[in-house]
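Given next are the chains, with one letter for each unit.
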Amino acid sequence: MRSARRGSSDPLMANPLPLIPDPTPIRAFLEASHIEQAGSVRDFAFRELAPLPEPPDDEAARGETRRIVEVLGRGGWLQAIANQDLRSCALIREALGGASPLADAAFALQGLSATPFILADNEALRARWLPELIGGRAIGAFVMTEPEAGSDVASLTTRAIRDGGDYVLDGEKHLISNAGIADVHVVFASTDPARGSRGISAFAVPAGTPGLRFEGAQVMASPHPLGALSFEECRIPASHRLGGEGEGFKLGMSVLDRLRPTVGAAACGMAARALHEAVHHALQRHQFGAPLADLQIVQEKLGRMAIQLDAARLLVYRAVWEKDLGAARITVEAATAKAFATEAAQGIVDQAIQILGGRGVLADHPVDRLYRSVRALRIYEGATEVQRLIVAGALLRTAREAEE
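Residues numbered from 1 in each chain as written. Predicted model: local features only at pLDDT ≥ 70, side-chain atom pairs only at ≥ 80, totals over all residues. Heavy atoms only, no water.

Visitor: Honestly, the overall build of the protein chain in this entry has me stumped. Any pointers?
Guide: When helices and strands are counted, the protein chain shows 11 helices and 10 strands. Dimensions of the protein chain, computed from the C-alpha atoms along their principal axes, are close to 80 × 60 × 40 Å. Counting over 404 residues, the protein chain shows a buried share of 55%. Considering only residue pairs separated by 6 or more positions, the protein chain has 76% of its internal contacts joining residues 24 or more positions apart. In the structure as shown, the protein chain presents an accessible area of about 17000 Å², 53% of it carried by carbon and sulfur atoms. Taken together, the 43 basic and 49 acidic charged side chains of the protein chain have centroids lying 2 Å from each other. (Helix = DSSP H or I, 4+ residues; strand = E, 2+ residues; numbered from the N terminus. Buried < 20%, exposed > 50% of the residue type's maximum accessible area, 1.4 Å probe, protein only. Contact = heavy atoms within 4.5 Å. Areas by Shrake-Rupley, 256 points an atom, 1.4 Å probe, with all protein chains shown as cover. Lys, Arg positive; Asp, Glu negative; His and termini not counted. Charge placed at Lys NZ, Arg CZ, Asp CG, Glu CD.)

Visitor: Mind showing me how you'd approach the side chain of Asn178 here?
Guide: Along the chain, Asn178 turns up in the loop between β3 (166-177) and β4 (184-190). Relative accessible area serves as the criterion here: at 3%, Asn178 is assigned to the buried category.

Visitor: So what exactly am I meant to see when it comes to the packing of helix α7 (residues 248-284) against helix α9 (residues 331-356) here?
Guide: If you want to describe how two helices pack, look at the angle between their axes and the distance between the axes. It is the contact of α7 with α9, at a shortest axis distance of 8 Å, that shows an interaxial angle of 20°. With respect to α9, the element α7 is oriented roughly parallel. Of the two possible hands of crossing, α7 and α9 adopt the one that is left-handed. Looking at side-chain class alone, the contact of α7 with α9 contains 18 nonpolar, four polar and four charged residues. (Axes fitted to C-alpha atoms, helices over the stretch in contact; angles between N-to-C directions. Parallel < 35°, antiparallel > 145°, perpendicular 65-115°, else oblique. Left-handed = near helix turned anticlockwise from the far one by under 90°. Nonpolar A, V, L, I, M, F, W, Y, C, P; charged D, E, K, R; others polar.)

Visitor: Help me understand the pattern of salt bridges in this model?
Guide: It is possible for side chains of opposite charge to pair when their charged atoms get near one another. Using the criterion set out here, one finds 19 salt bridges in the structure. A salt bridge links Arg213 to Glu232; the shortest N-O distance between them is 3.7 Å. One end of the pair, Arg213, is in strand β6 (residues 212-217); the other, Glu232, is in strand β7 (residues 226-237), with 19 residues separating them in the sequence. Here Glu232 falls in the partly exposed class, since its relative accessible area comes to 49%. (Salt bridge = Lys/Arg side-chain N within 4 Å of Asp/Glu carboxyl O.)

Visitor: Would you explain the side chain of Glu146 in this entry?
Guide: Mapped onto the secondary structure, Glu146 falls in the loop between β1 (140-143) and β2 (159-163). A relative accessible area of 3% places Glu146 in the buried class. Among all residues touching Glu146, those that are not within four sequence positions of it are Leu156, Thr157, Thr158, Glu172, Lys173 and His174.

Visitor: Explain the packing of aromatic side chains here, please?
Guide: Given two aromatic rings, one states the distance between the centres and the angle between the planes to describe the pair. The tally for this structure, following the rule as stated, stands at four aromatic pairs. Above the plane of the ring of Trp129 lies Arg128, whose end atom (NZ or CZ) is 3.9 Å from the centre. (Phe/Tyr/Trp six-rings, centres within 6.5 Å; stacked < 30°, edge-to-face > 60°. Lys NZ or Arg CZ within 6 Å of the ring centre and 35° of its normal.)

Visitor: Quick question: what am I supposed to make of helix α10 (residues 366-374) here?
Guide: Structural remark: α-helix, 3.6 residues per turn; residues separated by three or four positions point the same way. Counting buried positions along α10 gives eight out of nine residues, so the element sits mostly inside the fold. Of the positions making up α10, those classed as buried are Pro366, Val367, Asp368, Arg369, Leu370, Arg372, Ser373 and Val374. Looking at the packing, one finds that the buried side of α10 touches α4 (86-99), α5 (101-119), α7 and α9.

Visitor: Explain the pairing of β4 to me, please; I cannot follow it from the model alone.
Guide: A regular strand places its side chains on the two faces of the sheet in alternate fashion. Of all the seven residues making up β4, seven are buried; the element is thus mostly covered by neighbouring parts of the structure. Because side chains alternate across β4, one face comprises the buried residues Val184, Val186, Phe188 and Ser190, and the other comprises His185, Val187 and Ala189, equally buried.

Visitor: I keep staring at the pairing of β2 and nothing clicks. Help me out?
Guide: As paired strands, β2 and β3 are joined by five bridges and run antiparallel to one another. Looking across to β3, one finds that Arg162 is bridged to Tyr167. Remark: two residues form the turn of the hairpin made by β2 and β3, two consecutive strands paired antiparallel; Gly164 in that turn has positive phi of roughly 65°. (Pairing = 2+ DSSP bridges.)

Visitor: Just to check I follow, could you spell out helix α6 (residues 123-134) for this structure?
Guide: Compared with the 16 Å implied by 1.5 Å per residue over 12 residues, the 16 Å span of α6 between its first and last C-alpha is a close match. Buried residues of α6: Leu125, Trp129, Leu130, Leu133 and Ile134, and no others. Down the axis of α6, the smallest arc covering the buried residues is 120°, so these residues share one side. Downstream of α6 by a residue or two, Gly136 has a phi angle that is positive, lying close to 75°. (Expected span 1.5 Å × (residues − 1). Arc of directions from axis to C-beta.)

Visitor: Explain the nonpolar core to me, please; I cannot follow it from the model alone.
Guide: Nonpolar side chains tend to gather and get buried jointly when the protein is soluble and globular. Leu96, Phe117, Leu169, Val205, Phe231, Leu242 and Tyr317 are the most contacted members of the largest nonpolar core, which has 114 residues in total. Here the element with the most residues in this core is α7; it accounts for 16 residues. If we skip the residues at most four places from it in the chain, Phe117 touches Leu125, Arg126, Trp129, Leu133, Val184, Val186, Ala204 and Leu242. (Core = buried A, V, L, I, M, F, W, Y, C linked by side-chain atoms within 4.5 Å.)

Visitor: Can you walk me through the state of the cysteines in this structure?
Guide: Each disulfide consists of a covalent bond between the sulfur atoms of two cysteine residues. Within the structure shown, the criterion is met by zero disulfides. No disulfide involves Cys268; its nearest neighbouring cysteine sulfur is the one of Cys89, lying 15 Å away. For Cys268, a relative accessible area of 1% gives the class buried. (Disulfide = S-S within 2.5 Å.)

Visitor: How should the layout of surface pockets be read in this particular structure?
Guide: To locate leftover empty space, one rolls a probe as large as a water molecule over the atoms. If you add up the space inside the largest pocket, you get close to 1200 Å³. Forming the walls of the largest pocket are 44 residues, and the residues nearest its centre are Thr145, Ile379, Tyr380, Glu381 and Gly382. Counting residues per element, the ones that place at least two in the lining of the largest pocket are α5, β3, α7, α10 and α11 (384-403). Here the residues of the lining of the largest pocket are counted per class, giving 26 nonpolar, 10 polar and eight charged. Considering only enclosed or pocket space, the second largest pocket measures out at about 240 Å³ in volume. If you go around the second largest pocket, you meet 14 residues; those closest to its centre are Leu19, Asp22, Ala272, Leu275 and Leu309. Going through the elements one at a time, α7 and α8 (296-324) are the ones with two or more residues in the lining of the second largest pocket. Sort the elements by how many residues they give to the lining of the second largest pocket and α8 lands first, with four residues. (1 Å grid on protein atoms, 1.4 Å probe; cavity = no way out; pocket = protein on both sides within 12 Å on 5 of 7 lines; lining within 4 Å. Points joined across faces, edges and corners; volume = space filled by probe spheres on them.)

Encoded structure:
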């Protein structure tokens, strides 16, 4: 199947340029600069990134990811991360998600790896790495997940033992995006296992550090630079610690709290592209003597898809608007947005394939690529089930406090 994609291109299936992101339904959450940006990023994404062929395999995706990061950096699109303008980040991810899921992933990983340098109290590391990451001259990796520590981050077993002026890291990480190509790794390791999550610290580990080893690719349904890393007596200076000892869990959760709703934005972009393709196909495809669009069953599907997309976008932009306006935390809003938007997007893409029929499962069709890409969004940066537990926990705490 992968060989069928080699050399293929995505000319938007001869459709008009999709309106992704469309600022009109969410304008109450945007400033004038955001509305202008929506048009600029849409033109950039769909004219420069959407026509690129999908990499034929994960190895090719590694090289393509570096090229995409360089393009994003030169174009200034990564600056939204440095500015901590989450509405801009959401608009950019929505456009990238609809045009190129791989480009969206590249942007997302730059955000995850650059934000710790912004939030942590380490000016030297910030000066060393942030300009490189934002300029697209360096690629970052957010190294948290382990074989036995996914949603339960506090159970990670990678150790960082203090040895004089250094730390020595030992452990294994897997399902790490940009593994094998990252220039700097933000690594979460336990400095005091007895303290659980309060014993986790974060470190910047440059590529090429002795003891850091790329263990190989982990192949996804959609080509992506995913892989496993190991640390064996990996010695780094104590000055490479991001924040204080034991503050790594708090730092990691703060990063995810900020960026989680932008995962929902990427999902909305993928869903909007799928809806666009489905509408175009329904208007052009004739069956039983009439366009598919004349069939009420197709109209019902399109209507339900549009309603779900509209609701998802409103939840996403409510969350990033709250943060941009100064909310200390948006944990519940972010969880709500990510859970709803990613689940809705999965259904919308699936229904688009149903409308497209056999064409929708051809390997070189954009909706097939979306179908293979959207599934991961329901898992990474917190699975849907975990997001629902976060919302429920907040609801129950409020109810208990009211009863006291």
